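Below are the chains, spelled out letter by letter.
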Amino acid sequence: MANQQAQDLFEDLEFLGDDELISLAMGAPGKEALSGCTEIMMTATESAMSDLTQEKYVFQYGPRQGDPGFLEHLAKFLSVQYGDNNISKDNLMVTAGATHGLHLTATVLFKEDIPVFVEDPTYFIAIKMLGKDLGRTVIPVPVGDDGIDVDKLEEMLKKHRHKAGDKSTWKCPFWTMLYLMTVYNNPRGNCPSPEKCNRLVELARKYDVLLFTEDVYNLLHFEEGNPPPRLLSYDVSDDPEYLGCVLSNGTFSKIFAPGLRLGWIEGRPGVVRLIMTSNTAWSGGSFNHYTSRVVSAALQTGLLSQHLTKLCSVYRERMNLLCQALLKYLPAGCHFKQPKGGFFAWITLPDTVDGEALLSLANGKHKVNFITGQSTSPTGSFKNCIRLSISFADTNQIDAGVERLCKAIKEYTLNVANSESSCS
Ligand SMILES: Cc1ncc(COP(=O)(O)O)c(C=O)c1O
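Rules used in this analysis
Chains are numbered independently. Their residues run from 1 in the order of the written sequence. This being a predicted model, a pLDDT of at least 70 is required before a residue's local features are given, and a value of 80 or more before pairs of side-chain atoms are given or counted; all residues contribute to the totals for chains, interfaces and linings. Only DSSP runs of H or I covering at least 4 residues are called helices, and only runs of E covering at least 2 are called strands; the numbering of each starts at the N terminus. Helix span, expected: 1.5 Å multiplied by one less than the number of residues in the helix. Between the buried cut of 20 or more and the exposed cut of 12 or fewer other C-beta atoms within 10 Å of a residue's own C-beta lies the partly exposed class, and all C-beta atoms are placed from the backbone. The arc in question is the one spanned by the directions pointing from the helix axis to the C-beta atoms. Contact definition: two residues whose C-beta atoms, as placed from backbone geometry, lie within 7 Å. For two strands to pair, DSSP has to find at least two bridges joining them. Lines fitted to C-alpha atoms define the axes, with helix axes restricted to the stretch in contact, and inter-axis angles between N-to-C directions lie between 0 and 180 degrees. Being near a molecule or strand means, for a residue, that its C-beta atom, positioned from the backbone, comes within 6 Å of it. The classification used treats Ala, Val, Leu, Ile, Met, Phe, Trp, Tyr, Cys and Pro as nonpolar, Asp, Glu, Lys and Arg as charged, and all other residues, Gly among them, as polar. UniProt positions are given in the numbering used here, feature names are shortened, and annotations may be inferred rather than shown by experiment. Think of a nonpolar core as buried Ala, Val, Leu, Ile, Met, Phe, Trp, Tyr and Cys residues chained together by C-beta atoms that fall within 7 Å. Residue ranges labeled as domains rest on an automatic or database domain assignment. Angles below 35 degrees are treated as roughly parallel, those above 145 as roughly antiparallel, those between 65 and 115 as roughly perpendicular, and all remaining angles as oblique.

If you look the chain up in an unreviewed UniProt entry, it shows as Aminotransferase class I/classII large domain-containing protein from Mizuhopecten yessoensis.

Draft legend 1. Up close: helix α3 (residues 37-49). With 13 residues, α3 ought to run about 18 Å at 1.5 Å a step, and its terminal C-alpha atoms sit 18 Å apart, in line with that. Among all positions in α3, only Ile40, Met41, Ala44 and Ala48 are buried. With its buried residues spanning 90 degrees around the axis, α3 presents them on a single face. In α3, the exposed residues that point more than 90 degrees away from the buried face are Thr38, Glu39, Met42 and Glu46. Buried residues in α3 make contact with α4 (55-58), α12 (289-300) and α13 (303-329).

Draft legend 2. Expanded view of the sheet that holds strand β2 (residues 92-95). With mixed pairing, the eight strands of this open sheet are ordered in space as β2-β9-β8-β7-β6-β3-β4-β5. Whereas interior strands pair on both sides, the edge strands pair on one side only; in this sheet they are β2 and β5 (147-148). Two strands pair when backbone bridges link them, and strand β3 (residues 116-120) and strand β6 (residues 176-180) are joined in this way by two bridges, in the parallel orientation. Residue valine 118 lies in a different strand from β6, and its bridge partner there is tyrosine 179. Strand contacts of helix α8 (residues 150-160): β3, β4 (138-144), β5 and β7 (209-214), with the helix running at about 160 degrees to β4, the strand carrying the most contacts.

Draft legend 3. Expanded view of the site of the ligand. Near the ligand the following residues occur: Gly27, Gly97, Ala98, Thr99, Tyr123, Asn186, Glu214, Val216, Thr251, Ser253, Pro258 and Gly263. The residue makeup of the shell around the ligand, split by class, is four nonpolar, seven polar and one charged.

Draft legend 4. Geometry of the UniProt feature "domain: Aminotransferase class I/classII large" (unreviewed entry) in the chain. Under the UniProt annotation, the feature "domain: Aminotransferase class I/classII large" (unreviewed entry) is placed at residues 41-405. The span residues 41-405 shows a helical share of 40% and a strand share of 15%, and its end C-alpha atoms are spaced 37 Å apart.

Draft legend 5. Spotlight on the nonpolar core. Formed by 127 residues in total, the largest nonpolar core has its most connected members in Val209 and Leu211. With residues near it in sequence (within four places) discarded, leucine 211 still touches Leu178, Leu180, Leu200, Ala204, Leu231, Cys245 and Val246.

Draft legend 6. Representation of the domain arrangement of the chain. When its domains are assigned, the chain resolves into domain 1 (7-35 + 305-417) and domain 2 (37-303). Between the C-alpha centres of domain 1 and domain 2 the distance comes to 27 Å. With 31 residues of domain 1 at the contact, the number on the domain 2 side is 30 residues. Broken down by secondary-structure element, the contributors of at least two residues to the side of domain 1 that touches domain 2 are α13 and β10 (344-348). It is α13 that contributes the most residues to the side of domain 1 that touches domain 2, nine residues altogether. In terms of residue class, the side of domain 1 that touches domain 2 is built from 15 nonpolar, twelve polar and four charged.

Draft legend 7. Local environment of the sheet that holds strand β12 (residues 371-372). On the basis of which strands lie adjacent, the open sheet formed by three strands has the order β10-β13-β12 and antiparallel pairing. Here the strands that pair on one side only, and so sit at the sheet edges, are β10 and β12. Alignment of β12 against strand β13 (residues 385-389), held across two bridges, turns out to be antiparallel. Note on β13: the bridge partner recorded for isoleucine 371 is arginine 387.

Draft legend 8. Here's a closer look at α13. Its 27 residues place the ends of α13 39 Å apart at the C-alpha level, agreeing with the 39 Å of an ideal helix rising 1.5 Å per residue. By the burial criterion, the buried members of α13 are Leu303, Leu304, His307, Leu311, Val314, Tyr315, Arg318, Met319 and Leu322.

Draft legend 9. Region of the structure containing unusual backbone geometry. Proline 121 follows aspartate 120 through a cis peptide bond whose omega is 15 degrees. By the secondary structure assignment, proline 121 is in the loop between β3 and α7 (124-133). With an omega of 20 degrees, the peptide bond running from asparagine 186 to proline 187 counts as cis. Secondary-structure assignment places proline 187 in the loop between β6 and α9 (194-207). Positive phi outside glycine occurs at asparagine 288, with the angle close to 60 degrees. Turning to its location among the elements, asparagine 288 is positioned in the loop between α11 (279-284) and α12. Judged by the 24 C-beta atoms lying within 10 Å of it, asparagine 288 is buried. A positive phi angle, near 60 degrees, is found at phenylalanine 382, a position not held by glycine. Topologically, phenylalanine 382 is positioned in the loop between β12 and β13.

Draft legend 10. Inspection of the packing of α3 against α12 at higher detail. Remark: α3 packs on α12, axes separated minimally by 8 Å, with the N-to-C direction vectors making an angle of 105 degrees. On the basis of the axis angle, α3 is roughly perpendicular to α12. Residues Ile40, Met41, Ala44, Thr45, Ser47 and Ala48 of α3 form the contact with α12, whose participating residues are Arg293, Val294, Val295, Ser296, Ala297 and Ala298. Here the contact of α3 with α12 is built from residues that sort into eight nonpolar, three polar and one charged.

What follows is the structure, given as structure tokens:
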């Protein structure tokens, strides 16, 4: 796998004083998207602290599942945002963000010697976290325009199923997990069709697989109405084959502020209970209890919904600007589809482009950056693809960022053409 250091991303934060660099790499909110967070947290903190009889609870370890008031407000917020009346606080558990939700699930529910399946391409840090930090064998499953290739997935599940061992040795009702994103995917920005989602649930039931879905971008939805349904809503509990095989991983990082380190998982109560009754949750109490009490007030007063509405409109405008700029500046032979939500657009460049070499030119000379396709791929594929993000650069930087990027692409392809002709 090619090696774009995760560190590159966060070094961007150091560039805040360097007005020259435009980051189309960062998948975190920038200044503009974070404005208003202070006021919301001050108002919510005042409200959460106003009742001194609560002091002994607010600053204590919390219940392992999470503060009941927070879970209730979260369930209501999610029901409205998703347009889904089946969301109950009993199916939710607080986490310290989506990274933590993944870490908890992978470590608590699955044995170390069991391989885990991921989309290829996928969230680039998840590959490193599962593979390097947790020592899991990561098995990439190919993805096309309509999400994961389910026939390949079935073949792979059949092939690796023997590694599961005897059912009695499993730590949960599933022998492995598939890490995926079905709404506003990172890095591709797309949503697989309902048929694909149904098929995934069918396969997960047939092969005892947990579908661990990152539902972190879903609510950054640019069209009228509710966002596309989560994979969780395809796993209907009235079905005779129901297993509760989908776990939804949520976070406030993209819809509010990553510095809060607050998120949740949602799934069948039996599966959530397995995580809740882990020793990790026992020792930690409610993960990030204090913050959840404050955010509970922000949910209750509607401040968070208002903030989310503002974010959707900021990001919608930026995505439009990004795509208009791409249409204006991209050279022939490059392709993309405009995403309807989330942070990312996925661009396919001519086959001759190597993303890492292009990044070095774009970053060094043209002062713009992005995530390379190969860094999102456990197999190092997608060399000629790049992921652009609208989350960090301010609205007035998007057009300039794309213009610089396209200059870099043109310069790069010209250099390649020149060196090919001088060799022939
Ligand atoms: C798919 C995905 N999961 C998790 C995260 C990290 O989320 P959190 O800040 O909640 O840990 C990101 C951030 O880029 C992401 O894109």
